[in-house]
Amino acid sequence: MGQQVVAEGQYLAVFNSTHRVLKAEGRLKAQGLPIMLIPAPRAVQADCGLAIRFDENLREAVMQLLADQSLLPAFLCQLRGDEYIILQEFNHENH
């Protein structure tokens, strides 16, 4: 089995465009949040193929910053066991 990019309990913010995910990554890192831009796992449907990974304890801070910046992802999921569970989906209008 290969190296796993996402650990049990970690969150993935999955975006629908490369532009949005790169902008979100920049804003989060500028705030000093320890997030990582990763290729979206095959089990997760991602239009741009990228996701932002972060730990459970950062969920509130990450999601609040993304909301404040109008950069919410297409959806938020979490790895539980060997399955990605979608916790929340976000609709974007002209973002």
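The text that follows walks through the structure, step by step, so that each part is easy to find. (Residues numbered from 1 in each chain as written. Predicted model: local features only at pLDDT ≥ 70, side-chain atom pairs only at ≥ 80, totals over all residues. Heavy atoms only, no water.)

### With respect to the packing of aromatic side chains
Moving on, step 1. Applying the stated criterion to the full structure yields one aromatic pair.
Moving on, step 2. Taken together, a centroid distance of 5.6 Å and an interplanar angle of 20 degrees make the contact between Y11 and F54 stacked. A residue pair is termed long-range when its members are at least 10 positions apart, and Y11 in strand 1 (residues 11-14) and F54 in strand 3 (residues 50-54) qualify at 43 residues. Per residue, the accessibility class of Y11 equals that of F54, and both read buried. (Phe/Tyr/Trp six-rings, centres within 6.5 Å; stacked < 30°, edge-to-face > 60°. Helix = DSSP H or I, 4+ residues; strand = E, 2+ residues; numbered from the N terminus. Buried < 20%, exposed > 50% of the residue type's maximum accessible area, 1.4 Å probe, protein only.)

### Comments concerning the pairing of strand 4 (residues 75-80)
Two faces make up the sheet, and in a regular strand the side chains alternate between them.
Moving on, step 1. Counting buried residues in strand 4 gives five out of six residues, a clear majority hidden from the surface.
Moving on, step 2. Note: strand 1 against strand 4, four bridges, orientation antiparallel. Bridge assignment links L12 to a residue of strand 4, and that residue is C77.
Moving on, step 3. The hairpin turn running from strand 4 into strand 5 (residues 83-89), its antiparallel successor, is two residues long, and G81 in that turn takes a positive phi close to 70 degrees. (Pairing = 2+ DSSP bridges.)

### Topic: helix 2 (residues 59-68)
One full turn of an α-helix is made of 3.6 residues, so residues set three or four places apart face in the same direction.
Moving on, step 1. All of the buried residues in helix 2 are V62, M63, L65 and L66. Buried residues along helix 2 cover an arc of 160 degrees about the axis, so they all sit on one side. Exposed and facing more than 90 degrees away from the buried side of helix 2 are E60 and D68.
Moving on, step 2. Elements that come into contact with the buried residues of helix 2 comprise helix 1 (18-30), strand 3 and strand 4.
Moving on, step 3. Where helix 2 terminates, the next one or two residues include S70, which has phi positive at roughly 55 degrees. (Arc of directions from axis to C-beta. Contact = heavy atoms within 4.5 Å.)

From the geometry alone we can't say anything about function, so treat these as descriptive.
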